[in-house]
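Coordinates in review
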Amino acid sequence: MLSLMADEDTVAGRLASWVSRLRFEDLPAEVVERTEQVILDQLGVQVLGSTLPNIQPVRQLAAAAPGAPESTVTGSDRKTTAAQAAYVNGTLGHSCEYDDAHATAWHTSSAVVPAALALAERDGADGRELITAVAAGIQVMGLLGAVTTSGMLATGWHGSKVLGVFGATAAAGRILRLSPAELTQAFGIVGSDASGTMEYDRSGGEVKRLHAGSAARAGTEAAQLARLGLTGPPTIFEGHRGVFGLFGGAEGADIPEAAWQHWQVLDTIFRFYPAVGTVHAPLDAIRHLREATPIDPQQIARIRIGLVDFAVGHGAAITRPTDAISAQFSLAFGAGLQFVTGRNAPADYFDPNLWNDPAILAIGDVIEPYAMPIPAGDPVFSARVDIELRDGSHLEHYQAGFRGHPTRPATSADIERKFTENVAGVLGGETSAAIVETVATLHEGNSVPSLTALLRRRP
């Protein structure tokens, strides 16, 4: 990890100095590989998102306001300004709760990758520059999240948006090669776009998808505005009205040294269920029990599910979905899907008929979520599932973490398989394979425009 500049006396200044000085050669091989995996995973979700109904209003609005043809809109046959492409692509990438997650940085790639990719395409950057920018953006989100995440969870701020604007700014600033002084100003500028509540996890609302897209757009614009001379408050993080105090309840705090000494991208959580991360361990546990013992859904009398305390409200509060987002934030619906359909496919969360399926709802009605202490050393995203059948028998399983979590890491084959499934029916097999190969060799310095050209829809 690069050392800090001792003469920087604000958090923004220290972050800006680190990002500006970061070079591809500073990245360990495992960071390069994980960053390429993050990029591939995000592109697959963007392609899938381009087909989904919930975010079509965003695509329609962007198409009605064409801009200079600078950067590709994934899944379309056109280009638009870098900022608008970042907005649409970020929204696509967060469209179905299938993008990656992070314990302190929330959802990184759907904010960071679109911002970096749009400017890298526009300016003809190479793969090494893209990797460096994405790794830097994720690092910034993780560092800031180390101070603010617990406070945001307690008050209901959505860290993906609050932190995402700064991650996108860092990535954009790195592509634009902003000086430390310029990037400090960019952080101050984009702080005015940090926001986003989590009320959607109680009553739904597809606006949640915009949090990544608007973060990507804001970061792309802030970096460009700073280069043009606009200024922002240098104490945007630790100041009296700064991000740490307003969102994290930690006015005047600083980033812990331990966070600086760790590459945050290595803590990426890859999602293999298109649902909020807090329900993945329960769904894995249910899958384990179903595979071990055939279970007739009609014979289930009760399902008790133990979760970390904040997950009871952030994933287990909704029992009757009314839209895709509320289905994806419903442990009851996800469990019902698995028992009734045998799967948790992305398309099923967008099917209104399934939202109201009596058999699925019946499973949800017997689920009792409760807060439980997570054993020391286990991931916070762990769960206990106890199933009571009508004959009085019990099945139980404790799931420490889940597939895709750093404690149960996804393999390159897992991520490539997910990508291929996400783009099936949208991109041809040759194009899909070409994207996988191109992303896997970004570290060799190949052209970013050659990658984005593969993401266009052919007339």
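Just so you know, these numbers come straight off a predicted model, no measurement behind them.

The rules behind these values
Residues numbered from 1 in each chain as written. Predicted model: local features only at pLDDT ≥ 70, side-chain atom pairs only at ≥ 80, totals over all residues. Heavy atoms only, no water. Pairing = 2+ DSSP bridges. Helix = DSSP H or I, 4+ residues; strand = E, 2+ residues; numbered from the N terminus. Axes fitted to C-alpha atoms, helices over the stretch in contact; angles between N-to-C directions. Left-handed = near helix turned anticlockwise from the far one by under 90°. Contact = heavy atoms within 4.5 Å. Nonpolar A, V, L, I, M, F, W, Y, C, P; charged D, E, K, R; others polar. Salt bridge = Lys/Arg side-chain N within 4 Å of Asp/Glu carboxyl O. Buried < 20%, exposed > 50% of the residue type's maximum accessible area, 1.4 Å probe, protein only. pLDDT = per-residue confidence, 0-100. Core = buried A, V, L, I, M, F, W, Y, C linked by side-chain atoms within 4.5 Å. Expected span 1.5 Å × (residues − 1). Bend = angle between axes of the 7 residues up to and from the residue. Polar contact = N/O pair within 3.5 Å; in protein donor to acceptor, adjacent residues only side chain to side chain.

Pairing within the open sheet is mixed, and its four strands lie in the order β4-β3-β5-β6. Lying at the two open borders of the sheet, with one neighbouring strand each, are β4 (367-371) and β6 (394-399). Neighbour-to-neighbour, the strand axes of the sheet open up by a mean angle of 15 degrees, direction not taken into account. As defined by bridge partners, strand β5 (residues 383-389) adjoins β6 across six bridges and the pair is classed as antiparallel. Across the sheet, I387 pairs through a bridge with L395, a residue of β6.

So, on to the packing of helix α4 (residues 82-93) against helix α5 (residues 109-123). Viewed as axis vectors pointing N to C, α4 and α5 meet at an angle of 145 degrees, and their least axial separation amounts to 8 Å. Crossing of α4 against α5: the hand is right-handed. On α5, the residues touching A82, A85, A86, N89, G90 and G93 of α4 are S110, P114, A115, A118, L119 and R122. Across the contact of α4 with α5, the residue classes break down as seven nonpolar, four polar and one charged.

So, on to the pattern of salt bridges. In the structure shown here, the tally under the stated rule is 18 salt bridges. With a closest N to O distance of 3.0 Å, K418 and D41 form a salt bridge. A residue pair is termed long-range when its members are at least 10 positions apart, and K418 in helix α20 (residues 412-423) and D41 in helix α2 (residues 29-49) qualify at 377 residues. With a relative accessible area of 3%, D41 lands in the buried category. For D99, the salt bridge identified is with R271, shortest N-O distance 2.7 Å. One end of the pair, D99, is in the loop between α4 and α5; the other, R271, is in the loop between α13 (257-260) and α14 (280-292), and 172 residues separate them in sequence. Both residues of the pair, D99 and R271, belong to the buried class. What emerges from the salt-bridge pattern is a single network uniting E97, D99, E206, K208, R209 and R271.

With that out of the way, let us pick up the confidence of the model for the protein. The share of residues in the protein with pLDDT of 70 or more is 98%, and the mean pLDDT across the chain is 95. Ignoring residues within four places in sequence, the model shows residues 2-7, a span with pLDDT below 50, making nine contacts including any to other chains.

Formed by 146 residues in total, the largest nonpolar core has its most connected members in F187 and F237. Among the elements that take part in this core, helix α6 (residues 127-155) stands out by supplying 13 residues, more than any other. Residues contacting F237, with those up to four places away along its chain left out, are V11, A12, L15, L144, F166, F187, G242, V243, F244 and G245. Core analysis: the second largest hydrophobic core is formed by seven residues, I55, A62, V73 and L92 among them.

Our next topic: α6. Count 3.6 residues to each turn of an α-helix, and residues three or four apart come out pointing the same way. Taking 1.5 Å as the rise per residue, α6 with 29 residues should run 42 Å; its terminal C-alpha atoms sit 39 Å apart, in good agreement. Bending of α6 peaks at approximately 60 degrees at the position of A146. Two or three places before R128, at the opening of α6, D126 has a side-chain oxygen 3.1 Å from that residue's backbone nitrogen. Immediately downstream of α6, the backbone of G156 shows phi near 100 degrees, a positive value.

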